[in-house]
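# Topology and contacts: notes
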Amino acid sequence: MLEQTAVTTGRRERVSARSAELSSASWTADYLRQACFADALCGLAAGVLAYLIRFSSPTDRPAAYLAASLILPVGWLLTIMLAGGYDSRFIGVGTDEFRKIFNAGVFLTATVAIASYATKANIARGYVVVALPSMTLFDLGARYMLRKRLHRLRAAGACTRRVVVVGYRAVVADIASMLRRETQHGLSVTAACIVDADEASAISGIPAFGGIDNIAEVVRHYGADTVAVLACPEMSGYRLRTLAWELEKTGTDLCVAPALLDVAGPRTTIRPVAGLPLLHLDHPEFTGTKLVIKAAFDKTVGLAALVFFAPLMVLLALAVKLDDGGPAFFSQTRVGKDGRTFMVYKYRTMVIDAEHRKAELRRQSGQHSVLFKLRNDPRVTRTGSWLRRWSLDELPQLINVLNGDMSLVGPRPALPDEAARYGDHVRRRLAVKPGITGLWQVSGRSDLPWDESIRLDLRYVEHWSLMLDLHILWKTLSAVVRGAGAY
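Residues numbered from 1 in each chain as written. Predicted model: local features only at pLDDT ≥ 70, side-chain atom pairs only at ≥ 80, totals over all residues. Heavy atoms only, no water.

A cluster of nonpolar side chains, contributed by F37, L41, L44, V48, L52, L66, L70, I71, V74, L78 and M81, occupies part of the molecular surface with about 1000 Å² of accessible area. Of all the secondary-structure elements, those providing two or more residues to the nonpolar patch are α1 (2–54) and α2 (63–82). In terms of residue count, α2 provides more of the nonpolar patch than any other element does, six residues in total. Here L70 lies in helix α2. Judged by its relative accessible area of 52%, L70 is exposed. (Patch = residues over 30% accessible without salt bridge, like charges linked within 9 Å, V, L, I, M, F, W, Y side chains within 5 Å. Areas by Shrake-Rupley, 256 points an atom, 1.4 Å probe, with all protein chains shown as cover. Salt bridge = Lys/Arg side-chain N within 4 Å of Asp/Glu carboxyl O. Helix = DSSP H or I, 4+ residues; strand = E, 2+ residues; numbered from the N terminus. Buried < 20%, exposed > 50% of the residue type's maximum accessible area, 1.4 Å probe, protein only.)

In structure tokens form, the structure reads like this:
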């Protein structure tokens, strides 16, 4: 079956597969070399900066500290290596790469402090205070720029890993669709082995083969460097171990996805029992210290943002008022945590009778989804269009944050008629406070289909944390500047 498919796909596909196989290892090595160079450059810049600040007088600049500034990049590279900062598994996705750089900075600072105390060395504290923190900050910025460049290359189809997916047809189709949409992961599905099929057939343009007996052959033919096995009982422990041995000969990576998707790494722990790797899953935290810290963070940042944006908010209110003479603000009932309703505040971006025209527009557009959105909604005012473009209409929701009805980060606040149509699993998104921004905001906003926005909301609920909130807030700035999905 595979040989017949090879004839139909032609020589060009096989050549491109082999060239992609070679480039997969090369771009990874190139990225790590660039990361090493950036790390060393940041170490040198921080050392020189600390040297010039601490010893500002040209006549009082010890040669020992100049030498320390030149040696600092070497120590920084070694520290990052010990922290796992050059692990190719964490390239381009997630916060692990940044966390490892931060941990390296903390470790090096603690090591220098302990060593100087133990040896009673007379080290200039001003030099250390400037050099080590600035080196960490410089490197975090450099890694961020490297990552954004990698994301742009992946969006253009470069720097990706070729993946053969093994699983049921429906799940494979969902995974392939998600990876096509979220190109930053750098995974390109080139072929699939379908458990619940006996004959070859394409899935969304991806070659698919029935059965799981020829996985290694499919990998060799398409030049894949990764096999992703999705949850399926047919892939027994014996079959999986045999597959791992076959892939080991070609250096192909093997990934096994658990049956429970969208679960964060910190909530999972692998515990070997009698030779079986059991995946232990911790319950998400909806109470306790973490929630108190999140609430304090929301109130503090929300108040600071409200004070900072107060002059702008006054000008925006005047702009909305002068546009058509209607009220500047718009309030609406929304459903919050545990199904409690509250009034959400926004700048009015639509005509005054917008709600009365909603049913007619829904009928004309033919939309029957839970969330009603039109790209060119005739109810949006002239001022409202650019308020939505820059997400400025949501600034009054800072008041909701101070009132405790909303959080800075969380699921999208739902309308009562939307919440009434939720299934049992969708109501899970009401376990936390809704947010001004969230995963839906940084992943496409209104361009997302309904089921995808719900999946993102549920993912946030399952593993929210303060670090995740900070990550989303940072990415929100980029999403607002791009304006993608804002209508």
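Below, the discussion takes up the packing of aromatic side chains. One pass over the full model with this rule turns up seven aromatic pairs. Between Y144 and W474, the aromatic rings sit 5.3 Å apart at their centres with planes inclined by 75°, giving edge-to-face as the arrangement. One end of the pair, Y144, is in helix α4 (residues 125–155); the other, W474, is in helix α14 (residues 466–482), and 330 residues separate them in sequence. Here Y144 falls in the partly exposed class, since its relative accessible area comes to 25%. Measuring from centroid to centroid gives 5.1 Å for F308 and F309, while their planes differ by 85°, and the two rings are edge-to-face. (Phe/Tyr/Trp six-rings, centres within 6.5 Å; stacked < 30°, edge-to-face > 60°.)

Here the focus is the sheet that holds strand β3 (residues 208–210). Across the sheet, five strands lie side by side as β3-β2-β1-β4-β5; this open sheet has parallel pairing. The sheet is open, and its two borders are formed by β3 and β5 (253–256), each paired with just one other strand. This sheet shows a mean twist of 25° between the axes of neighbouring strands, independent of strand direction. Here four bridges tie strand β4 (residues 226–229) to β5, and the two strands are oriented parallel to one another. Paired with V227 across the bridge in β5 is L254. This element, helix α5 (residues 169–181), spans β1 (161–167) and β2 (187–194) of the sheet and lies at about 170° to β2. Where helix α6 (residues 215–222) meets the sheet, its contacts fall on β1, β2, β3 and β4, and the angle it forms with β2 comes to roughly 145°. (Pairing = 2+ DSSP bridges. Axes fitted to C-alpha atoms, helices over the stretch in contact; angles between N-to-C directions. Contact = heavy atoms within 4.5 Å.)

Two elements in contact, α2 and α4, have axes whose closest approach is 12 Å; the angle formed by their N-to-C orientations is 45°. If you check the angle between α2 and α4, you find them oblique. The handedness of the crossing between α2 and α4 is right-handed. Residues Y65, A68, S69, L72, W76 and I80 of α2 lie in contact with α4, whose contacting residues are Y127, A131, L132, M135, T136, D139 and R143. (Parallel < 35°, antiparallel > 145°, perpendicular 65-115°, else oblique. Left-handed = near helix turned anticlockwise from the far one by under 90°.)

Take the side chain of D298 next. Here D298 lies in helix α8 (residues 289–324). Residue contacts for D298: discarding those within four places in its chain leaves V401, S407 and L408.

Y347, L395, L408, Y460 and I472 are the most contacted members of the largest nonpolar core, which totals 31 residues. With six residues, α8 is the single largest residue contributor to this core. Counting residues in each nonpolar core, the second largest holds 28 residues, with A50, Y127, V128 and L150 among its members. (Core = buried A, V, L, I, M, F, W, Y, C linked by side-chain atoms within 4.5 Å.)

Summarising the element assignment, S407 is placed in strand β10 (residues 407–409). It is 9.3 Å that separates the C-alpha atoms of S407 and F297, two residues lying 110 residues apart in sequence. Look past the residues within four positions of S407 in its chain and what remains in contact with it is K294, D298, V401, K433, P434, G435 and I436.

What follows is about the side chain of T190. Here T190 lies in strand β2. Its relative accessible area of 9% is what places T190 among the buried residues. Not counting residues within four places of it along the chain, the set of residues in contact with T190 comprises R162, V163, V164, I206, P207, Y222 and A224.

The next thing to look at is the environment of P277. Structurally, P277 is set in strand β7 (residues 276–281). Ignoring anything within four residues of it in the chain, the contact list for P277 reads I270, R271 and P272.

A separate point is unusual backbone geometry. Here the phi dihedral of K120 falls at roughly 55°; this positive angle occurs in a residue that is not glycine. When its relative accessible area of 73% is taken as the criterion, K120 is described as exposed. Even without being a glycine, S204 presents a positive backbone phi close to 55°. For S204, the location among the structural elements is in the loop between β2 and β3.

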